[in-house]
Amino acid sequence: QVQLVESGGGLVQAGGSLRLSCAASGRAFSSYAVGWFRQAPGKEREFVAAISSADGSTYYADAVKGRFTVSRDNAENTGNLQMNSLKPEDTAVYYCAVRWSLFESSTYARLSNPDQYAYWGQGTQVTVSS
């Protein structure tokens, strides 16, 4: 059982930066992969980025490669998403989620699928003005 609390959303101008945090309350946080997803009004939820539980491998959607960086701090039970060079099309509600990954390999196909995640944060709004 993992509870997730997100923070760091807000309003920024195009080209600006935001850092989202996902604080976990529970045991064995290091055994969970951390994924980030976003959903804009009228659109489907889409994968943004993820970081594996074992070796810290990272995965990114093409739309954010080179601009976003996903990381984790197991000592603080926290996942982070650094977002730079933000664009208006990045505007969405951002969600973090975790997936138990101790006995399974981490792949892009697996970690980019929202159906693979059991626990979700409440979401935080990111708005980028043009």
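Along each chain, numbering runs from 1 in the same order as the chain's sequence is written. Only residues with pLDDT of at least 70 get local features here, since the model is predicted, and only at 80 or more are side-chain atom pairs given and counted; chain-wide, interface and lining totals rely on the full set of residues. Computation of side-chain values: all heavy atoms of the structure, hydrogens and water removed.

### Topic: the pattern of salt bridges
At step 1: A carboxyl oxygen of Asp or Glu within 4 Å of a side-chain nitrogen of Lys or Arg is what we treat as a salt bridge. In the structure shown here, the tally under the stated rule is six salt bridges.
At step 2: A salt bridge links arginine 38 to aspartate 90; the shortest N-O distance between them is 2.9 Å. Here the residue arginine 38 occupies a position in strand E4 (residues 32-39), and aspartate 90 occupies one in the loop between strand E8 (78-83) and strand E9 (92-100), the gap between them amounting to 52 residues. Take arginine 38 and aspartate 90: they sit in the same class, and that class is buried.
At step 3: Across the salt bridge formed by glutamate 104 and arginine 110, the nearest N and O atoms sit 3.9 Å from each other.
At step 4: Among the residues examined, arginine 110 registers a relative accessible area of 25% and is labelled partly exposed.
At step 5: Beyond isolated ion pairs, a larger network of salt bridges with shared partners links Arg38, Glu46, Arg67 and Asp90. What counts as a helix is a DSSP run of H or I of at least four residues, what counts as a strand is a run of E of at least two, and both are numbered from the N terminus. Residue burial is assigned from relative accessible area. The probe radius is 1.4 Å, only protein chains are included, and a residue is buried under 20% of its type maximum, exposed over 50%, and partly exposed in between.

### Some thoughts on the state of the cysteines
At step 1: Cysteine sulfur atoms are paired as a disulfide whenever they fall within 2.5 Å. Evaluation of the coordinates by the stated rule reveals one disulfide.
At step 2: Sulfur-sulfur distance for the disulfide between cysteine 22 and cysteine 96 comes to 2.1 Å. A torsion of 65° about the S-S bond marks the disulfide between cysteine 22 and cysteine 96 as right-handed. Residue cysteine 22 is found in strand E3 (residues 18-25), and its partner cysteine 96 is found in strand E9; the two are separated by 74 residues along the sequence. Each member of the pair, cysteine 22 together with cysteine 96, is buried.

### Section: the sheet that holds strand E1 (residues 3-7)
At step 1: Spatially, four strands are ordered E1-E3-E8-E7 in an open sheet, and the strand pairing comes out antiparallel. Here the strands that pair on one side only, and so sit at the sheet edges, are E1 and strand E7 (68-73). Each strand axis lies, on average, 15° off the axis of its neighbour in the sheet, ignoring direction.
At step 2: Here E1 pairs with E3 via five bridges, running antiparallel. Bridging from a neighbouring strand, glutamine 3 pairs with serine 25 of E3. In this analysis, strands are considered paired if DSSP registers two or more bridges between them. Orientation is described by axes fitted as lines to C-alpha atoms, over the contacting stretch for helices, and by angles from 0 to 180 degrees between their N-to-C directions.

### Structural notes on unusual backbone geometry
At step 1: In this model, asparagine 77 sits at a positive phi of 55°, which is unusual for a non-glycine residue.
At step 2: By secondary structure assignment, the location of asparagine 77 is in the loop between E7 and E8.

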